[in-house]
Amino acid sequence: MKILILGAGHMGAWLVEELCLDHEVAVYDLDRRKLKYFFNVTRFLEPFEAKEFEPALVINAVSLANIREAFEEFLPYLPEDCILSDIASVKTGMHELYKTLGRRFVSTHPMFGPTFANIRDLRNENTIMIRESDEEGKAFFRNLYEGLHLNIYEYSFEEHDQTIAYSLSIPFASSMVFAATMKQQEAPGTTFRKHLDIAKGLFSEDDHLLAEIMFNPHTVRQIEAISSSLAYLTHIIRGRDYEEMHKFLNRLRHNIA
């Protein structure tokens, strides 16, 4: 299959590497320096080059803010039966965009990145497939993800963003709050060190990715829940209420059981 990948950042580069041995792959990025290390691929310098290449699938791996522009830039040069695809971490507005573009589409979200995942062994990692996607497109990505031993979940566009607000926004926000209280002080302790390692890993990620996750419209509700729990915990601590603390801790144990 002929595949065009838009964006040569971390995830775009990962897709190029995974696909280039079994498919005819072309890649495009505004930053041409990112293209020089790829092998066994065609490097596009201008969108019109896609016309002669005639891809069957275009995977849009640019940042969420630039997805529409990237699709619209290439759309005039794509075959009518070409399937459009994205791997965006937030799907808000994506369904409406695909309706506007009037093409078949497949939307997925590989839920791992270069910081925390071992991209050479993804068997414990997860990916989401969007239910409304084209069946042929879903079959392609299901074959790819199953070959990588990823755990595959299928959600609607709306269910995806609700799930991401829970599974990513909460730990991201917790790490941000943790980092906000840091100061230049030695802090011996295994628990502290583990939290610090997670926070350092999070903040090594791209700012646009972090912003996309936190700007998910469902994130605010999760932040409010965190704030409410912290306020309640503060109330218990101020009152030195052992009985209430015991109840609170048991409820937390039940939550994570």
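What counts as what
- Each chain carries its own residue numbering, running from 1 in the direction its sequence is written.
- With pLDDT at 70 or above as the cut-off, local features in this predicted model cover only qualifying residues; side-chain atom pairs require 80 or more to be listed or tallied, and sums for whole chains, interfaces and linings still use all residues.
- Derived side-chain values reflect all non-hydrogen atoms in the structure, with water molecules and hydrogen atoms excluded from consideration.
- The way it works is that DSSP assigns letters per residue, a run of H or I at least four long becomes a helix, a run of E at least two long becomes a strand, and they are numbered from the N terminus.
- One less than the number of residues in a helix, times 1.5 Å, gives the span that helix is expected to have.
- A 1.4 Å probe rolled over the protein chains alone gives each residue an accessible area, and that area as a share of the maximum for its type sets the label: buried under 20%, exposed over 50%, partly exposed in between.
- Relevant arc is that of directions from the helix axis to the C-beta atoms, nothing else.
- Contacts are residue-level and defined by heavy atoms, with any inter-residue pair within 4.5 Å sufficient.
- Here, any two strands with at least 2 DSSP bridges between them count as paired.
- In this description, a line fitted to the C-alpha atoms serves as the axis of each element, helices being fitted only across the stretch in contact, and the angle between N-to-C directions of two axes falls anywhere from 0 to 180 degrees.

Draft legend 1. Examining helix H9 (residues 219-239) more closely. Here H9 contains 21 residues, and its C-alpha end-to-end distance of 31 Å stays within 8% of the 30 Å for a straight helix at 1.5 Å per residue. The complete set of buried residues in H9 reads Thr219, Gln222 and Ile236. Down the axis, H9 shows its buried residues gathered within 110° of arc, on one side only. Exposed and oriented more than 90 degrees from the buried face of H9 are Val220, Arg221, Glu224, His235, Arg238 and Gly239. Where the residues of H9 are buried, they touch helix H6 (157-180), helix H8 (207-214) and helix H10 (242-256). Once H9 finishes, Arg240 follows within two positions and takes phi at roughly 45°, a positive value.

Draft legend 2. Spotlight on the sheet that holds strand E4 (residues 57-60). Strands sit in the order E3-E2-E1-E4-E5-E6-E7-E8 across an open sheet of eight strands; the sheet is mixed. Here the strands that pair on one side only, and so sit at the sheet edges, are strand E3 (42-44) and strand E8 (151-155). The sheet shows a mean angle of 25° between the axes of neighbouring strands, taken without regard to direction. Strand direction decides the pairing type here: strand E2 (residues 24-28) and E3, joined by three bridges, are parallel. If you follow Val27 over to E3, its bridge partner there is Arg43. Lying over the sheet, helix H4 (residues 94-101) contacts strand E5 (83-86) and strand E6 (105-110), oriented at roughly 160° with respect to E5. Together, E6, strand E7 (126-130) and E8 form the strand contacts of H6, whose direction differs from that of E6 by roughly 10°.

Just geometry here; none of it tells us what the structure is for.
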